[in-house]
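If you want the building blocks of each chain, they are given just below.
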Amino acid sequence: MLRDSVRVYAPATVANVACGFDVLGFALYEPGDEIVMRKTNSDKTEIVLITGDGGKLSRDASKNTAGVVVDAFLQHIGQKTGIAIELHKKMPLGSGLGSSAASAVAALFAINELMGQPLTRLEMLPFAMEAERLACGAAHADNVAPSLLGGFTLVRSYEPLDVIKLNTPPDLVATVVHPHIEIRTEDARSILRKSVTLKDAIIQWGNVGGLVAGLLMSDYALIGRSLHDQIVEPLRALLIPNFAQVKKAAMQAGALGCSISGSGPSIFALSTSHETGQRIADAITAAFAEVNIATDCYVSPINAEGPRLLD
Ligand code: HSE
């Protein structure tokens, strides 16, 4: 059925998943972004309303990720139509939860529905990656891939693009805590070293392999052993007040593992029950309170579905 208007939800994501910098990610149930999109009689894409961004995002469709992906999509399929976009940000910006990715994915999913689903989700992925380049200067896919495909995803290769959707172990619960400080992805990337030692690389790829195997076998102990980042976390931890105590508190509360979500400042931990997940959220919140930082917490299973139509 061809529609003139759609309402779509796309989820926030945890990129990197400790050891998989720029290659691993998973989708959450909440938070996320909502987009209402409709066809119009004009010949252009317009952002008619944005809520929840505190006025920070551009209302100019050519500078907003949602508008940019819609124009790129229409150009790709060789069709012209006017489009009006309402973007409802239901998640914090600059939090390390893939805010720009969720907006781009919601917009892509919506325009694909409006145009009669000409593209598969995998075919839409490069458009979402270009939106990431606009938002933070790098066309990484570890937020857009899980937001678009759902579950855990692995970017096996960027050139050529080869993205694999992994298994979602059924008992896995994600705790995400967003401390009220802002870290720009560009800044969190600029502090990283450009080369790694062979010794660190061996530790890192052992853990990436271990995590992927743990996910495929639903082996929670192996997942826990593999949630270790030898390369990026030690540097980015310096940007997050009380990080060592935050991580220790999460582990003591029963986390399988705990690290920085994407480029931070949000923290994620994995566990195997909602009860433990909530206990971890409380422990992390208490550790941030020690340094007078307030938080928002989300505890949910892994979202294996990705974006969805709301009506
Ligand atoms: N992989 C990216 C990074 C994700 O860590 O910089 C950005 O959210």
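Preceding this section is the structure that the text describes.
An account of the accompanying structure is given in this report. Quick caveat: nothing in here was measured; it's all calculated off a predicted structure.

How each quantity is defined
Residues numbered from 1 in each chain as written. Predicted model: local features only at pLDDT ≥ 70, side-chain atom pairs only at ≥ 80, totals over all residues. Heavy atoms only, no water. Near = heavy atom within 4 Å. Polar contact = N/O pair within 3.5 Å; in protein donor to acceptor, adjacent residues only side chain to side chain. Areas by Shrake-Rupley, 256 points an atom, 1.4 Å probe, with all protein chains shown as cover. Helix = DSSP H or I, 4+ residues; strand = E, 2+ residues; numbered from the N terminus. Buried < 20%, exposed > 50% of the residue type's maximum accessible area, 1.4 Å probe, protein only. Lys, Arg positive; Asp, Glu negative; His and termini not counted. Salt bridge = Lys/Arg side-chain N within 4 Å of Asp/Glu carboxyl O. Core = buried A, V, L, I, M, F, W, Y, C linked by side-chain atoms within 4.5 Å. Contact = heavy atoms within 4.5 Å. Disulfide = S-S within 2.5 Å. Expected span 1.5 Å × (residues − 1). Pairing = 2+ DSSP bridges. Axes fitted to C-alpha atoms, helices over the stretch in contact; angles between N-to-C directions.

### Examining the site of the ligand
In the neighbourhood of the ligand, the contacting residues comprise A15, N16, F21, D22, H140, D142, N143, T185, R189, R236, G262 and S263. Measuring from an oxygen atom of the ligand, one finds a side-chain N or O atom of N16 at 2.8 Å. One of the side-chain nitrogen or oxygen atoms of N143 is found 3.2 Å away from an oxygen atom of the ligand. Here the ligand loses 97% of its free accessible area of 260 Å² to cover by the protein chains.

### Looking at the side chain of D142
Relative to the helices and strands, D142 is located in the loop between α3 (121-136) and α4 (144-149). Despite being buried, D142 has no salt bridge partner; R189 is the closest side chain of opposite charge, sitting 6.0 Å away. A polar atom in the side chain of D142 sits 3.2 Å from the backbone nitrogen of D22. Of the polar contacts made by the side chain of D142, one reaches the side chain of H140; its length is 3.0 Å.

### Examining the nonpolar core
I35 and M37 are the most contacted members of the largest nonpolar core, which has 42 residues in total. Those elements that provide at least two residues to this core are β1 (5-15), β2 (24-40), β3 (45-51), α1 (65-77), β4 (82-90), α2 (99-114), α3 and α4. Counting residues per element, this core draws most heavily on α2, at ten residues. Discounting residues that sit within four places of it in the chain, I35 has contacts with V6, R7, V8, A66, I85, E86, L87, S103, A106, A107 and A110. If you look at the next biggest cluster of nonpolar residues, it comprises 28 residues, including A18, C19, L24 and Y220.

### Side note on the pattern of salt bridges
A full pass over the atoms with the stated rule returns twelve salt bridges. Residue D53 pairs with R59 through a salt bridge whose shortest N-O separation is 2.7 Å. On the accessibility criterion, D53 (5% relative accessible area) is buried. Look at the salt bridges and you will find they share partners, linking R7, E34 and K90 into a network.

### Notes on the state of the cysteines
Following the criterion strictly, the structure yields zero disulfides and no others. Between C19, a cysteine without a disulfide, and C258, which holds the nearest cysteine sulfur, the sulfur-to-sulfur distance is 14 Å.

### With respect to α1
Because each turn of an α-helix spans 3.6 residues, side chains separated by three or four positions in sequence point in the same direction. Its 13 residues place the ends of α1 18 Å apart at the C-alpha level, agreeing with the 18 Å of an ideal helix rising 1.5 Å per residue. If you check which residues of α1 are buried, you get T65, A66, G67, V69, V70, F73 and L74. On its buried side, α1 packs onto β2, β3, β4, α2 and α3. The backbone nitrogen of A66 has a side-chain oxygen 2.8 Å away, supplied by the residue at the start of α1, namely N64.

### Some thoughts on unusual backbone geometry
Generally, phi is negative for residues other than glycine and the peptide bonds are trans, each holding for most cases. Cis geometry is adopted by the peptide bond preceding P160, which originates at E159 and carries an omega value of 0 degrees. Assignment of secondary structure puts P160 in the loop between β5 (152-157) and β6 (162-165). The residue after G264, namely P265, is reached through a cis peptide bond having omega 5 degrees. Of note, the phi angle at D22 is positive, near 70 degrees, even though the residue is not glycine. One can find D22 in the loop between β1 and β2. For D22, a relative accessible area of 14% translates into the label buried. Non-glycine residue Q117 carries a positive phi angle of around 55 degrees. Within the secondary structure, Q117 sits in the loop between α2 and α3.

### Brief notes about the sheet that holds strand β9 (residues 267-271)
In any sheet, the strands associate via hydrogen bonds between backbone groups, in a parallel or an antiparallel arrangement. Taking strand neighbours across the sheet as the criterion, the four strands line up as β8-β9-β7-β10 in an open arrangement whose pairing is antiparallel. With one partner strand each, in any of the chains shown, β8 (257-260) and β10 (295-301) form the two edges of the open sheet. Each strand of the sheet is rotated relative to its neighbour by a mean of 15 degrees, with strand direction disregarded. The sheet contact formed by strand β7 (residues 173-179) and β10 spans seven bridges and is antiparallel.

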